[in-house]
Amino acid sequence: MEESRIFSEQRANPDRSAPGVISRIRLENFMCHSSLQIDLGDWVNFITGQNGSGKSAILTALCVAFGCRAKGTQRANALKDLIKTGCSYAAIFVEIKNEGEDAFKPETYGNIIIIERRITELTSSIALKDHQGRKIAQRAKELDELIDHFNIDVENPCVVMSQDKSREFLHSGNDKDKFKNRLDELKTLLGDKKAQITSLMEKTSDVRRIKEELQSNLLLAKKERAELEAEYFRGDSLILKMRKRVRLLEQQLNDTQEQLLKDTQAEEAEVEKRVQKLQDEINLVQINVSRLLEEEKVLTERLSIAREAIKELGKEAHDNEKKCRGLYSQLQAFQQQQTNKVTAFGGHKVLSLLHAIERHQRKFKCPPIGPIGAHVSLANDDTWALAVENAIGRLLDAFIVTDHKDSLVLRACAREVNYHNLQIIIYDFSRPRLNIPSHLLPLTSHSTTISVLRTENPTIWNVLVDMGSAERQVLVPNYEIGKDVAFEQRIQNMKEVYTSDGFRMFYRGSVQTTLPPNKRIRNGRLCSSIENQMHELERETEIIQDLIEKGKEKKRNADIASQEIEEEVRNVKRRRIIEERTFMSKQLTLKDMKSSRSVETIPDTTTNTVELEQEIVQLQDDIQSKGLLLEKVRLRMIKAEEKANHLKGSFESLCDSAKGEIDTMEGAERELLLVEEELNAAEAEKAHYEGVMQKKVLHDINEAEAYLNELKRNHQENVRKASIICPEDVVMALGGCSGSTPEQLSAKLNRLSQRLLQESRRYPDSIDDLRQMHDKKERKITKKQLTYAAFREKLNACEKALELRWSKFHRNANFLKRELTWKFNGHLLKKGISGKIMVDYDKKLLSVEVKMPQDAPGNNVRDTRGLSGGERSFSTLCFALALHDMTEAPFRAMDEFDVFMDAVSRKISLDALVEFAVNQGSQWIFITPHDISMVKAGDRVRKQQMPAPLS
């Protein structure tokens, strides 16, 4: 009767509040509110008020509290924009009920969880508090865990439909836009999962890209500064030449015009000849530069392809090495298990713990029982080994003690042998073996975990039942039968279903859950034979090692080819830079020659002294204007230098800021390499000392022990013979006798002393030191292996979770679109309307057809914009309710759901909403500026009025 009462108390109470329901929202300096507190009921809540009273701010605060970004609220571009004008901070407090079977860490938070979100101009923070207001966590990771536990997605319109989303929902007539209430969500979810795995690499690549862009801009700025400097020096040189020309004109003012004309013509012919020659050289250099640029482009593309190939080869080699290390770790674990079955349930630590328990056995009231796995076995064969391992694997390593005092003694023994995280179960050893009534067992013909196990110890049997629920874990042969048993038959008293290949299936509330097999577990630890698995692991290891060697050879060849291409690129680039410099130099020379030619043109022979004087004045004016232009060039040169310095500072700042991230990634790579090197070195040292023990020390120890045994036998025989002549007590009374002469004893003692001296010189370390060093290295290797196993387990879990989500989405896609049409049509029938929803996943289209009672047969409206305002709003609301009915969340919220409705449509819609919300069972929050007097308040319907806005 007592056992029946215990099992009955475990049933859930359907009338109590579901966990995840919001009981209170409090705002400080948020949007238009200085201070606001809203208390919500567990069922239907209506919040009304005039426009501008801050109704929509409640949903915005709710979204921000659950981690929504500022742009996701469609109210601000940054969180700081949500702070009330004139205030320095904003705070949001959301209280969530945490009661019932599905509560989130109730032992930590209690029956209330408080989410606190504080926003300032520079930063924002998140804190989770318990029911007494004590801060428990302040990381976004803990909030994400809570959101995942309660299935709260505030960015999903089916959970929170904001004011803007309501309007978009009503006005949208585009099939592609409708298809995006679900596709965008899935894309975001998939992107977040991928970003969790590759965030570090992407962040580093972005920083490197920005660094390259800054470096390129810095080079351009330096080039611009150099060009301005060259232009400035050319202008300065031109002014000097113009001043020289003025002096020349003043000196040659009295020279003859005829001689000046001849000289000028000869000089012009010579300059024209030099200009033409220089122009030909410039054209040739330009052709060479273009050819080298094209060649450099081709080589750069080849180099990029080669580097990508090297990167892929390196990634492939890294994956193979990780896989090889994992297989080697599993092989070592199987070898340990083959040597001693007990090591399968805790490794070498459990052997040390058993020795410690034996040494301290007098301190225990009753000797501990454990590990449990060493005391149980499979009933018939190994068919259910993997299923049993997944069902009670966590208990197989545990020890059982009879009271709390014995648990403290056992914990001290575990600390003595460095056995951390030992699972200890306190159970009364005097209790007889439990006899479970048949009406409390699963009503099925399939085996249970407890039915396929054998143990002679009643305490172990009781622990498997009370702690592991082994009598309610049903075992099935395959996945299809498991789905039928777990989700279709609804068997009473059944907790979970396990398949022979490791799948786990169970119901929690109304949610069906299927967990994949653990890749780390190839077979159960209770198997009687593991040789086949060891042979399979050895074959896999050999295949992967062969792939690693081939991959290394390919990578070496690719590195050599890449280095050759890099050398070609450097040579071509160096030649191109030389040609470009030559091209710029010749261009500047040509420009100077043409400028000098125009400046130094001598006036016509008919020019008289007055004209020469006028030319001198004109040149002086030109010198002044050129000086002004030169000053502008100097200012531009200063700005270009400031820009270059600014870019240089930004580049150095980026390098300093990115140095930490790059160093972190490089440090992680170095740490991984160091760990691998340390592991290899430790294994080598272990092998070395084991060889020393086997080849040298143990051999001498065995010889010495054999010699000692022989001496003992001789001593016993001699004592027996001597006792016949004279009793031993008489000889000892006379001072004792070794049976030899003093000379023999002295010679023997000298020989033993010499031998002891020789052995001490050969082996300075004692045997205890060598054994201690061996144990230390072995512990270090085991620690590194556990570290690698933990990393591999996390990666496998991420990959499996992503694969399971993707396959489940494809499997349920067709069923979801059919269910959407059924529920949509069911809501429409309340007003005598029929309709249909068609989803095309390939074309990404969502089409809605509505047929009104007055329409002719076959005259269906395919666009909701073709309906009247009330009909369109009601049809769209039915579509939203159909989506709500297919999703799960502890609360739902809708803002301005009745926009564009007339009075009749609003009355029908409100009745449908209240009826749906009450029947559906979760918490609902409806916000509207319209009159809802037709809605009657009650035990499950709560109405609240927001105060009018201040004028």
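Source: prediction; values computed, not measured. (Residues numbered from 1 in each chain as written. Predicted model: local features only at pLDDT ≥ 70, side-chain atom pairs only at ≥ 80, totals over all residues. Heavy atoms only, no water.)

1. With respect to the overall build of the protein chain
Then step 1. In terms of regular secondary structure, the protein chain is built from 20 helices and 21 strands.
Then step 2. Long-range contacts, defined here as pairs at least 24 residues apart, represent 72% of the contacts in the protein chain between residues at least 6 apart.
Then step 3. Accessible area for the protein chain stands at about 56400 Å²; split by element, carbon and sulfur atoms hold 51% of it. (Helix = DSSP H or I, 4+ residues; strand = E, 2+ residues; numbered from the N terminus. Contact = heavy atoms within 4.5 Å. Areas by Shrake-Rupley, 256 points an atom, 1.4 Å probe, with all protein chains shown as cover.)

2. Focus: the packing of aromatic side chains
Then step 1. All chains considered together, the criterion is met by seven aromatic pairs.
Then step 2. One cation-aromatic arrangement involves R433 over W461; the distance from NZ or CZ to the ring centre is 3.7 Å.
Then step 3. When the ring centre of Y507 is taken as reference, the NZ or CZ atom of R490 above it lies at 4.0 Å. (Phe/Tyr/Trp six-rings, centres within 6.5 Å; stacked < 30°, edge-to-face > 60°. Lys NZ or Arg CZ within 6 Å of the ring centre and 35° of its normal.)

3. Concerning helix 11 (residues 404-416)
Then step 1. An ideal rise of 1.5 Å per residue puts 18 Å on 13 residues; helix 11 measures up with 19 Å between its terminal C-alpha atoms.
Then step 2. Among all positions in helix 11, only D406, S407, V409, L410, C413 and A414 are buried. Along the long axis of helix 11, the arc covered by the buried residues comes to 160 degrees, so they all point the same way. In helix 11, the exposed positions that point more than 90 degrees away from the buried face belong to H404, K405 and R415.
Then step 3. Buried positions along helix 11 lie against helix 9 (348-359), strand 10 (399-401) and strand 11 (424-426).
Then step 4. Residue N418 follows helix 11 closely and has a positive phi angle near 60 degrees. (Expected span 1.5 Å × (residues − 1). Buried < 20%, exposed > 50% of the residue type's maximum accessible area, 1.4 Å probe, protein only. Arc of directions from axis to C-beta.)

4. Section: the packing of helix 9 against helix 11
Any two packed helices are characterised by the angle at which their axes cross and by the distance between the axes.
Then step 1. For the pair helix 9 and helix 11, interaxial distance at closest approach is 9 Å and the crossing angle is 130 degrees. Considered as vectors, helix 9 and helix 11 are oriented oblique to each other. Here helix 9 and helix 11 pass one another in a crossing that is right-handed. For the pair formed by helix 9 and helix 11, the contact residues are L353, A356, I357 and R359 on the first element and L410, C413, A414 and E416 on the second.
Then step 2. Across the contact of helix 9 with helix 11, the residue classes tally to six nonpolar, no polar and two charged. (Axes fitted to C-alpha atoms, helices over the stretch in contact; angles between N-to-C directions. Parallel < 35°, antiparallel > 145°, perpendicular 65-115°, else oblique. Left-handed = near helix turned anticlockwise from the far one by under 90°. Nonpolar A, V, L, I, M, F, W, Y, C, P; charged D, E, K, R; others polar.)

5. A look at the pattern of salt bridges
Then step 1. A full pass over the atoms with the stated rule returns 21 salt bridges.
Then step 2. In this structure, the salt-bridge partner of R26 is E28, at a minimum N-O distance of 2.9 Å.
Then step 3. The exposure class assigned to R26 is partly exposed, which follows from its relative accessible area of 29%.
Then step 4. Across the salt bridge formed by D466 and R431, the nearest N and O atoms sit 4.0 Å from each other. Of this pair, D466 sits in helix 12 (residues 458-466) while R431 sits in the loop between strand 11 and strand 12 (453-454), placing them 35 residues apart in sequence.
Then step 5. We classify D466 as partly exposed; its relative accessible area is 38%.
Then step 6. The exposure class assigned to R431 is partly exposed, which follows from its relative accessible area of 34%.
Then step 7. Through salt bridges that share partners, R24, D39 and E95 make up one connected network. (Salt bridge = Lys/Arg side-chain N within 4 Å of Asp/Glu carboxyl O.)

6. As for the sheet that holds strand 4 (residues 89-97)
Then step 1. Here we have six strands laid out as an open sheet, ordered 2-1-4-5-6-7, and antiparallel in their pairing. Two strands lie at the open edges of the sheet, namely strand 2 (33-39) and strand 7 (135-137), each paired on one side alone. On average, adjacent strands in this sheet sit at an angle of 20 degrees to one another, irrespective of strand direction.
Then step 2. Pairing between strand 5 (residues 112-120) and strand 6 (residues 124-129): six bridges, direction antiparallel. (Pairing = 2+ DSSP bridges.)

7. Remarks on the sheet that holds strand 20 (residues 923-928)
Then step 1. Taken together, five strands build an open sheet; the order of strands is 8-19-20-3-21 and the sheet is parallel. Looking at the sheet topology across the chains shown, the edges are occupied by strand 8 (160-161) and strand 21 (941-945).
Then step 2. Across five bridges, strand 3 (residues 44-48) lies against strand 20 in parallel orientation. Paired with N45 across the strands is I925, a residue of strand 20.
Then step 3. Contacting strand 3, strand 8, strand 19 (891-895) and strand 20, helix 2 (residues 56-65) crosses the sheet at an angle of about 140 degrees to strand 19.

8. Here's the deal with a positive patch on the surface
Then step 1. Taken together, the side chains of K241, R243, K244 and R247 define a basic patch exposed on the protein surface.
Then step 2. Inspection of the secondary structure assignment puts K241 in helix 7 (residues 181-251).
Then step 3. A residue is classified by how much of its surface remains accessible, and K241, at 35% relative accessible area, is partly exposed. (Patch = residues over 30% accessible without salt bridge, like charges linked within 9 Å, V, L, I, M, F, W, Y side chains within 5 Å. Lys, Arg positive; Asp, Glu negative; His and termini not counted. Charge placed at Lys NZ, Arg CZ, Asp CG, Glu CD.)

9. Observations regarding the nonpolar core
Then step 1. If you look at the biggest cluster of nonpolar residues, it comprises 48 residues, and the most contacted ones within it are F66, V94 and I115.
Then step 2. The leading source of residues in this core is helix 2, at seven residues.
Then step 3. In this structure V94 touches I22, R24, L62, A65, F66, I113, I114 and I115, once residues within four positions along its chain are discounted. (Core = buried A, V, L, I, M, F, W, Y, C linked by side-chain atoms within 4.5 Å.)

10. Considerations on the side chain of E142
Then step 1. Here E142 is to be found in helix 4 (residues 140-150).
Then step 2. Look at E142 and you get buried, because its relative accessible area is 12%.
Then step 3. Side chain to side chain, E142 and Y109 meet in a polar contact 3.2 Å long.
Then step 4. In contact with E142, not counting residues within four places along its chain, are F104, K105, Y109, L128 and A137. (Polar contact = N/O pair within 3.5 Å; in protein donor to acceptor, adjacent residues only side chain to side chain.)

11. Considerations on a negative patch on the surface
Then step 1. A grouping of E308, E312, E316, D319, E799 and E803 is seen on the molecular surface, where their side chains present a negatively charged patch.
Then step 2. Contributions of two or more residues to the negative patch are made by helix 8 (257-339) and helix 18 (767-828).
Then step 3. At four residues, helix 8 tops the list of elements feeding residues into the negative patch.
Then step 4. When you line up the elements, E803 lands in helix 18.

12. Considerations on the pairing of strand 16 (residues 511-515)
Then step 1. In terms of strand pairing, strand 15 (residues 504-508) meets strand 16 through five bridges, oriented antiparallel. By the bridge assignment for strand 16, Y507 is matched with Q512.
Then step 2. In sequence, strand 15 turns back onto strand 16 through a hairpin of two residues, with G509 there showing a positive phi of about 70 degrees.

13. Observations concerning the side chain of E28
Then step 1. Within the secondary structure, E28 is located in strand 1 (residues 22-30).
Then step 2. Overall, the relative accessible area of 17% leaves E28 in the buried class.
Then step 3. Not counting residues within four places of it along the chain, the set of residues in contact with E28 comprises H33, S34, Y89, A90, A91 and F93.

14. A word on the environment of E580
Then step 1. Of note, E580 is situated in helix 14 (residues 531-599).
Then step 2. C-alpha of E580 to C-alpha of Q286: the two residues are 294 residues apart in sequence and 7.9 Å apart in space.
Then step 3. Excluding residues that lie within four positions of it along the chain, E580 makes contacts with V289 and L293.

15. Notes on helix 2
Then step 1. The buried fraction of helix 2 is high, at ten of ten residues.
Then step 2. Where helix 2 is concerned, the buried positions are S56, A57, I58, L59, T60, A61, L62, C63, V64 and A65.
Then step 3. Phi turns positive, to about 90 degrees, at G67, one or two residues after helix 2.

16. Some points on the pairing of strand 14 (residues 496-499)
Then step 1. Residues of strand 14 alternate between two faces, with E496 and Y498 on one and V497 and T499 on the opposite face, all of them buried.
Then step 2. Once strand 14 ends, the chain turns through four residues before running back antiparallel as strand 15, passing G502 with a positive phi of about 105 degrees.

17. A word on unusual backbone geometry
Then step 1. Backbone torsion omega between G370 and P371 reads -5 degrees, so that peptide bond is classified as cis.
Then step 2. Along the chain, P371 turns up in the loop between helix 9 and strand 9 (377-378).
Then step 3. Of note, the phi angle at N29 is positive, near 55 degrees, even though the residue is not glycine.
Then step 4. Mapping N29 onto the fold places it in strand 1.
Then step 5. If you check the backbone angles, N151 has positive phi at about 60 degrees while not being a glycine.
Then step 6. Its location among the elements puts N151 in the loop between helix 4 and strand 8.
Then step 7. On the accessibility criterion, N151 (43% relative accessible area) is partly exposed.

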